[in-house]
Amino acid sequence: MIWALAGCIVAACTTAKKEKELTKSEMLRERMAALQVKGYMMGHQDDPFYGVTWEGTYSGDSAEMGRSDVLETCGDYPAVMGFDLGGIEMADEKNLDSVPFARIHDELIAHHERGGIVTLSWHPRNPLTGGTAWDVSDTTVVKSILPEGSQHEKFKTWMQRVADFIGTLKTNDGQPVPVIFRPWHENNGSWFWWGQKLCSDEEFHGLWNMLQDYLVEERGFTNLLWSYSPNLDGGWNEERFLQRYPGNERVTLIGEDAYQWGTEEDFKTALKADLDFISAFAGKNNKLMAMTECGLQNMTDSTWWTRVLKPIMDQYPISYFLLWRNYKKEYFGPSPELPCATDFRQLYEADNTLFLKDISQ
Ligand code: BMA
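Residues numbered from 1 in each chain as written. Predicted model: local features only at pLDDT ≥ 70, side-chain atom pairs only at ≥ 80, totals over all residues. Heavy atoms only, no water.

### A few points about the site of the ligand
Consideration 1: Taken together, Leu96, Asp97, His123, Trp134, Trp324, Arg325 and Glu330 make up all the residues around the ligand.
Consideration 2: At a separation of 2.4 Å, an oxygen atom of the ligand approaches a polar side-chain atom of glutamate 330.
Consideration 3: Bound to the protein, the ligand loses 75% of the 310 Å² it would expose on its own.
Consideration 4: Among the residues making up the shell around the ligand, the classes are represented as three nonpolar, one polar and three charged. (Near = heavy atom within 4 Å. Polar contact = N/O pair within 3.5 Å; in protein donor to acceptor, adjacent residues only side chain to side chain. Areas by Shrake-Rupley, 256 points an atom, 1.4 Å probe, with all protein chains shown as cover. Nonpolar A, V, L, I, M, F, W, Y, C, P; charged D, E, K, R; others polar.)

### Here we look at the environment of glutamine 175
Consideration 1: Residue position: glutamine 175 is located in the loop between α6 (152–167) and β4 (179–182).
Consideration 2: Owing to a relative accessible area of 36%, glutamine 175 belongs among the partly exposed residues under this scheme.
Consideration 3: Taking C-alpha positions, glutamine 175 is 9.7 Å from asparagine 223, a pair spaced 48 residues apart along the chain. (Helix = DSSP H or I, 4+ residues; strand = E, 2+ residues; numbered from the N terminus. Buried < 20%, exposed > 50% of the residue type's maximum accessible area, 1.4 Å probe, protein only.)

### Thoughts on the pairing of strand β2 (residues 80–84)
Consideration 1: Extensive coverage of β2 is indicated by the burial of five of its five residues.
Consideration 2: Covered by surrounding structure in β2 are Val80, Gly82 and Asp84 together with Met81 and Phe83, the residues of both alternating faces.
Consideration 3: With three bridges connecting them, strand β1 (residues 40–45) and β2 associate as parallel partners. When the bridges of β2 are listed, glutamine 45 appears paired with glycine 82. (Pairing = 2+ DSSP bridges.)

### Side note on unusual backbone geometry
Consideration 1: Located in the positive-phi region is glutamate 148, a residue other than glycine, with phi close to 80 degrees.
Consideration 2: In this structure, glutamate 148 sits in the loop between α5 (141–145) and α6.
Consideration 3: Positive phi values are uncommon outside glycine, yet asparagine 286 reaches one of about 60 degrees.
Consideration 4: When you line up the elements, asparagine 286 lands in the loop between α9 (264–284) and β7 (288–295).

### Topic: the packing of aromatic side chains
Consideration 1: Across all of its chains, the model carries 33 aromatic pairs by this definition.
Consideration 2: Note on tyrosine 348 and phenylalanine 355: the rings are 4.8 Å apart at their centroids and 80 degrees apart in plane angle, and the pair reads as edge-to-face. Here the two residues tyrosine 348 and phenylalanine 355 agree in accessibility, since each one is buried.
Consideration 3: Through pairs of rings, three or more aromatic residues link up here, namely Phe181, Trp208, Trp226, Tyr228, Trp236, Phe241, Tyr245, Phe277 and Phe281.
Consideration 4: Lying over the aromatic face of tyrosine 77, arginine 114 brings its terminal NZ or CZ to 4.0 Å of the ring centre. (Phe/Tyr/Trp six-rings, centres within 6.5 Å; stacked < 30°, edge-to-face > 60°. Lys NZ or Arg CZ within 6 Å of the ring centre and 35° of its normal.)

### Looking at the side chain of glutamine 45
Consideration 1: Structurally, glutamine 45 is set in strand β1.
Consideration 2: For glutamine 45, the residues in contact, after removing those within four places along its chain, are Gly82, Phe83, Asp84, Ser121, Leu322, Leu323, Trp324, Arg325 and Asn326. (Contact = heavy atoms within 4.5 Å.)

### Describing the pairing of strand β3 (residues 117–121)
Two faces belong to every sheet, and in a regular strand the side chains alternate between them.
Consideration 1: Most of β3 sits inside the fold, with five of its five residues counted as buried.
Consideration 2: Here β3 shows two buried faces, one formed by Ile117, Thr119 and Ser121 and the other by Val118 and Leu120.
Consideration 3: Where β2 meets β3, five bridges bridge the pair, whose relative direction is parallel. Paired with aspartate 84 across the strands is serine 121, a residue of β3.
Consideration 4: Read as a crossover between parallel neighbours, the route from β2 over helix α4 (residues 101–113) to β3 is right-handed.
Consideration 5: Sheet topology note: the β3/β4 ladder contains four bridges and is parallel. Looking at β4, one finds that threonine 119 is bridged to isoleucine 180. (Right-handed = clockwise from strand over helix to strand, strands pointing away.)

### What about the nonpolar core?
As a rule of thumb, nonpolar side chains are buried together in soluble globular proteins.
Consideration 1: Formed by 90 residues in total, the largest nonpolar core has its most connected members in Trp184, Leu215, Met291, Leu309 and Phe321.
Consideration 2: Setting aside chain neighbours within four positions, we find phenylalanine 321 in contact with Tyr40, Met41, Met42, Gly43, Met291, Cys294, Leu309, Met313 and Leu347. (Core = buried A, V, L, I, M, F, W, Y, C linked by side-chain atoms within 4.5 Å.)

### Thoughts on the packing of α9 against helix α10 (residues 304–313)
A pair of packed helices is captured by two measures, namely the crossing angle of their axes and the spacing between those axes.
Consideration 1: Where α9 meets α10, the axes come as close as 9 Å, and the angle between the chain directions of the two elements is 25 degrees. Classified by the angle their axes make, α9 and α10 are roughly parallel. Relative to α10, the crossing made by α9 is right-handed. Packed against α9, whose contacting residues are Glu264, Phe267, Lys268, Leu271, Lys272 and Leu275, the element α10 presents Trp304, Arg307, Val308, Leu309 and Ile312 at the interface.
Consideration 2: By residue class, the composition of the contact of α9 with α10 is seven nonpolar, no polar and four charged. (Axes fitted to C-alpha atoms, helices over the stretch in contact; angles between N-to-C directions. Parallel < 35°, antiparallel > 145°, perpendicular 65-115°, else oblique. Left-handed = near helix turned anticlockwise from the far one by under 90°.)

Quick look at the structure:
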């Protein structure tokens, strides 16, 4: 009896110890893994900042805090909200899409506090030319910021500014907010200065490791869940995928950024091929998987979500899908005034789509 009791105590202590030892990022991973069994979460980039028919004023007006096209369309917030750090490296007050970082900070924490999950991407300027993230005029940018490169010191300052912002992401009681961090995304394309044709495999690994080692080893962040998110490819095999994959010890989530830019058939074929590959790879390597960006620009087909996207996503163990931002000129999410609102409500009603209330109650 005593031994049985002692055994229980040991077991309880071990569990308590285990729980105590989990970092914020590990806890987020466990939460996402448990939720994934129920379905996939809906996500939206820049959700509370502006919408298809309204602009953010960021005036501090409380009525504007938390306004959301998704909420106004279906009565619930997205489960996941995405925000972008582009511009933080320049110590700018606003990001590349004109959203004040102070507002990003507040809305990110507000979403965490209401039980949601948050993710950060970063479209940094081109450190060598001074152009945007899309300036691919020079193929030595990555090389130039690696140790011993001409821009290394400058890039260290940029990383420091990213880290300083991440360091401010804390709840009222001082707890760091867990964040899915998704740097160097769409790296198999060649439209960003860190893209496929802009650096060698070795340079790409150097770039990934430099940022990760700085944030994790030097700055000690344990609240970042690292997402590796190449773009829709259509032709992955293990050999090609592994060339730039940062490694199992460096990645927790494998994402896919997948927009339909061309025909529906081409999109479906490429997406299925990629998700076949990624789900097998993620399964084998014990990784989460997600559609880290996706959508059809300006919803030119108002039934696209339930007719094209959902039937494909239903076939895979996806953690979340994140529709890109609702900007007047380019929107990927719903808005109550648009024909696609009806389709979005159907998506909302489906048993396997998870919105904020599904994950926070
Ligand atoms: C791109 C576009 C750009 C935007 C960038 C960062 O896909 O939406 O207009 O500046 O993302 O959000």
